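One letter stands for each residue in the lines below.
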Protein chains: 2
Amino acid sequence: MPDHQAIAARLAERLGSNGFLREAGDIAPFRRDSVYCAEGDIIGVARPANLSEVSDVLALCHDAGIVVIPRGGGTGFAGGALPRRQDSAVILSTDRLRAIRSVDIVGDVMVVEAGVTLQAVRDEAARHGRLVGIDHGGAGSSAIGGNIATNAGGNNVVRYGMSRDQLLGIEAVLSDGRLVSSASTLRKSNAGYDLRHLLAGSEGTLAIITAVALKMRPQPVKRVTGLFALASPDAVLTLFAMAKDVLGEAIAAFEVMSQAALAQHYAHAGASAVQPFANDAKWSVLIEADAASVFFDLDAALAALTERALEMEIVRNGILAASLAQRDALWKLREGIAVAMGAWRGPMVRTDTSVPVARVPEFIAGIEAGAQRIVPGAPTFFFGHVGDGNIHFNLAAPPSMPDETFRARMSEVYRMTEDMALSLNGSVSAEHGIGQSKREALMRMKTPVELDLMAGIKKVFDPGGLLNPGKILF
Amino acid sequence: MPDHQAIAARLAERLGSNGFLREAGDIAPFRRDSVYCAEGDIIGVARPANLSEVSDVLALCHDAGIVVIPRGGGTGFAGGALPRRQDSAVILSTDRLRAIRSVDIVGDVMVVEAGVTLQAVRDEAARHGRLVGIDHGGAGSSAIGGNIATNAGGNNVVRYGMSRDQLLGIEAVLSDGRLVSSASTLRKSNAGYDLRHLLAGSEGTLAIITAVALKMRPQPVKRVTGLFALASPDAVLTLFAMAKDVLGEAIAAFEVMSQAALAQHYAHAGASAVQPFANDAKWSVLIEADAASVFFDLDAALAALTERALEMEIVRNGILAASLAQRDALWKLREGIAVAMGAWRGPMVRTDTSVPVARVPEFIAGIEAGAQRIVPGAPTFFFGHVGDGNIHFNLAAPPSMPDETFRARMSEVYRMTEDMALSLNGSVSAEHGIGQSKREALMRMKTPVELDLMAGIKKVFDPGGLLNPGKILF
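About the criteria used
Going along each chain's sequence as written, the residues are numbered from 1 onward. Chain letters start at A and ligand numbers start at 1, both assigned in the order the entries are written. Given that this is a predicted model, residues contribute local features only at a pLDDT of at least 70 and side-chain atom pairs are listed and counted only at 80 or more, while totals for whole chains, interfaces and linings are drawn from all residues. Calculated side-chain values reflect all of the structure's heavy atoms, with hydrogen atoms and water omitted. Residues count as neighbours in contact if any of their non-hydrogen atoms are within 4.5 Å of one another. By definition, the buried area sums, over both parts, the 1.4 Å-probe accessible area that each loses when the two are put together. The rule for a salt bridge is simple: a side-chain nitrogen of Lys or Arg has to be within 4 Å of a carboxyl oxygen of Asp or Glu. N or O atoms within 3.5 Å of each other form a polar contact, as long as, within protein, one can give a hydrogen and the other can take it, and as long as residues adjacent in sequence are counted only when both atoms are side-chain atoms. Per the convention used, a helix needs a DSSP run of H or I reaching at least four residues, while a strand needs a run of E reaching at least two, with both numbered from the N terminus. The nonpolar class holds Ala, Val, Leu, Ile, Met, Phe, Trp, Tyr, Cys and Pro. Asp, Glu, Lys and Arg form the charged class, and all remaining residues, Gly among them, are polar. By this definition, two strands are paired if DSSP reports at least two bridges between them. Helix axes use the C-alpha atoms of the stretch in contact, all axes being lines fitted to C-alpha atoms, and the angles between their N-to-C directions lie in the range 0 to 180 degrees. Angle categories are assigned with fixed cut-offs, so that under 35 degrees is roughly parallel, over 145 is roughly antiparallel, 65 to 115 is roughly perpendicular, and the rest are oblique. Two helices that cross are described as forming a left-handed crossing if the nearer one is turned anticlockwise from the farther one by less than a right angle, and a right-handed crossing if clockwise.

A. The interface of chain B and chain A, seen in detail. The interface of chain B with chain A comprises 90 residues on the first partner and 90 residues on the second. Between chain B and chain A, a total of about 6,800 Å² is buried, with carbon and sulfur atoms accounting for 61% of that surface. It is Lys188, Asn190 and Tyr193 of chain B in chain B that bury the most area against chain A; as a group they hold 16% of the surface buried on that side. Inspection of the chain B/chain A interface yields 14 salt bridges. Arg217 of chain A is the partner of Glu249 of chain B in a salt bridge, and the nearest nitrogen-oxygen pair spans 3.5 Å. Where chain B packs against chain A, one counts 42 residue pairs in polar contact (both at pLDDT 80 or more). At the level of secondary structure, the elements contributing two or more residues to the side of chain B that touches chain A comprise α6 (157-160), β9 (179-181), α7 (195-199), β11 (217-218), α8 (233-247), α10 (298-311), α14 (439-445) and α15 (448-461) of chain B. With 10 residues, α15 of chain B is the largest single contributor of residues to the side of chain B that touches chain A. Residue composition of the side of chain B that touches chain A, by class: 42 nonpolar, 28 polar and 20 charged.

B. Representation of the sheet that holds strand β2 (residues 41-46) of chain B in the model. Residues and elements named next belong to chain B. The sheet built from four strands is open, its strands ordered β1-β2-β4-β3 with mixed pairing. The sheet terminates laterally at β1 (20-21) and β3 (67-71), the two strands that pair on one side only. Across the sheet, helix α1 (residues 4-15) lies against β1, β2 and β4 (88-93), angled at about 15° from β2, the strand it touches most. Those strands touched by helix α3 (residues 51-64) are β2, β3 and β4, and its axis lies near 170° from that of β4.

C. Representation of the environment of Ala172 of chain B within the structure. Residue and element names in this part refer to chain B. Positionally, Ala172 belongs in strand β8 (residues 167-173). Expressed as a C-alpha distance, the spacing of Ala172 and Val45, which sit 127 residues apart in the sequence, is 19 Å. Leaving out residues up to four positions away in the same chain, Ala172 has contacts with Arg178, Leu179, Val180, Ser181, Leu199, Ala207, Ile208, Ile209 and Thr210.

D. Up close: the packing of helix α12 (residues 360-374) of chain B against helix α13 (residues 403-423) of chain B. Residue and element names in this part refer to chain B. Packing of α12 against α13 brings their axes to within 10 Å, and their N-to-C directions diverge by 155°. In terms of their interaxial angle, α12 and α13 are classed as roughly antiparallel. Seen from above, α12 lies across α13 with right-handed handedness. For the pair formed by α12 and α13, the contact residues are Phe363, Gly366, Ile367, Gly370, Ala371, Arg373 and Ile374 on the first element and Arg409, Glu412, Val413, Met416, Thr417, Met420 and Ala421 on the second. Here the residues of the contact of α12 with α13 are counted per class, giving eight nonpolar, three polar and three charged.

Encoded structure:
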């Protein structure tokens, strides 16, 4: 049996009192993420302030046989940063790894430590007229290391790809404390197996990311935003194809919202909600496009798209933002849905699956039918990223149904959603990762060979199984 | 000892006479790549026509303990598809895996089998108004499976990234014949370790890629091209920064050519060479930009860039292509250098390293000095992809030096080039891969931990070490 008192004493000695938290009150914030609460025991929270301290924390825990769970902003949705019921773990928080190590505007690369928030990364890039192509609702509190470790998605994936696609190099430490590599700033290197992409999305189960080198891009000099009302998911896809024809790669977001989801935002926001136009359409789409060159006339492009879509009766109505305030108002609709869903009182099914883009209408119809079969009369909410095939589907209890009755059916709804995605060659996790919550679903999704290979890889990196055990698979 | 007669008979029986080549004349083309000749023995060339045949070839060889070497177009530069001196191997050629399985223009994904040439992939995308973002001089003969397996680079990396960045899903078979996975067409999936990126760039040492799902993008509707004369590598970087300001992400190629390299093209092409303008500048840059929207005024953008660069005396002279024929003439300069280098009579050092973009001037100066120190008076040629920090450096013997004298110094020049790249935090292989030719260099570049992890990963995928042994590392 590992001696928890002894390891705590050693860590406190190495990190100082500010570097190792043991009091219940200090530890409390580390006992939850955006959705789940920790079921296991937290021995203490190590807060190393540099690479050498990270390495020592890992080596000390490794030698004592203690589980280590890395944690960034704690904004995950899958229990990935929490100890399981059977664990007694040291949490390794990256919140003191806060240095922006370098910004190179010739090569357009930024090297930042894992604990820097995504917003701070974006702000630093903006100060240099650059952009880092990751953005989502958790920018203010999520750590860049966590974004890479979970390969976070978000609103701009259709333009820039996922978090891994912004990654040039990675600095990481193995569970035994050994440094894997420094964060390379190279744009091009074909030198052996790509460990960088293996660590990205591995959710802290293979190594602890301490710093990353990220691509920067030119900051957009122009941005246009529009909202459109449509009758069906098929019309949504037709508009998407049309938008690609007119705007090319400038499409930065293409977000869909169901009528019920929007209505929930209006109900939750109350008097402060702005309804851009009388919108009784079943589906709304928010399009944003941006460009880093003043020679790209995005206003004319979006106007042309709108005209063509109205003329061909793809959209019923549309509004283009004429000011930054109007743009913000349009985005409030999309963000307001997330807020309203988060504030929902009572149990709610919240999903994050993906399917090939062309199969989104089939997916939505199948889910709607499946949900009504399991919980007749339950309100369904759809919203998300059409261009990535990633439609979030939420389900609440019908007004008349007791919470407990609904709760008893939730796992069936989750299972139905995952199976529907899989039957369309989709994924059980589009952008939130696996963590503790989707391990069973992952086993249904992957081939036995893939699972074998993943298990083998885990053993290579962490033979003792001490690093974030029970997350993803093992 | 494996029984070569027996395995050959079994493979011939399984694949038919057209599916398994044994005659010396039939095998001869498989005994070389773009640079190297095979030193080892080829038992025969298996040409499976579908996934099931690939699986059976691998299982048969696995059970017999026979080495298998995958081969696409055979256009590599690193000996990656050739048996080593100590090997007796079956070559698994993908040249009959030629199906374009699906083209989805809603999700913009194409699924193609490994043996389809890059050019055929590009042509198919173009038929649907789409682009696949991989292009290089070997497009006509290289296979898409090989492009992914070696993570090929090329001229458009500055715009679209490397081959791996075009990859959505991968179908691959392990050395024992088991299927890893089908080629997923999902845009977004966060479900466990990313085996796709591990296979991309693994040079056929972990599994054999049989099909890939590739991103498509809108086909550019407009393309502009210009050639500029500059005095120094520093000026080249200044022009690059300026181009990013004006053109944003539309820059599709930013290629540099040294005066000596261009002169060699003119000398080699003779009367057929077109010199766009009297150009006595030390450095020339070819810029191409493209856009998939008609609302991006690229002509105006490139004109503005040219005017600004002339005004600020960053460039000495410039010419913008006014027609497709003029564009082709400008590209002939860049491509003509590769042709002239390929046609060089006598020994030549040919390198492929990369450094952080900002360090390109330092790299060029250091290489020039290092080369002159080792082989005084030797002509140096520089050309390549500035935006990726990937400058190809070639060196020939001085006119008066016997080939044998020069040959004796070539390994020192290679070593100097690699060490110079490494001293600037660069890579010993930018885009050509490791194969057999850069294994020693890779060991100097990577940390012992990285090498350990790579060795461990190889063991997980191919415990018997039968798949393309001695390539990359093992």
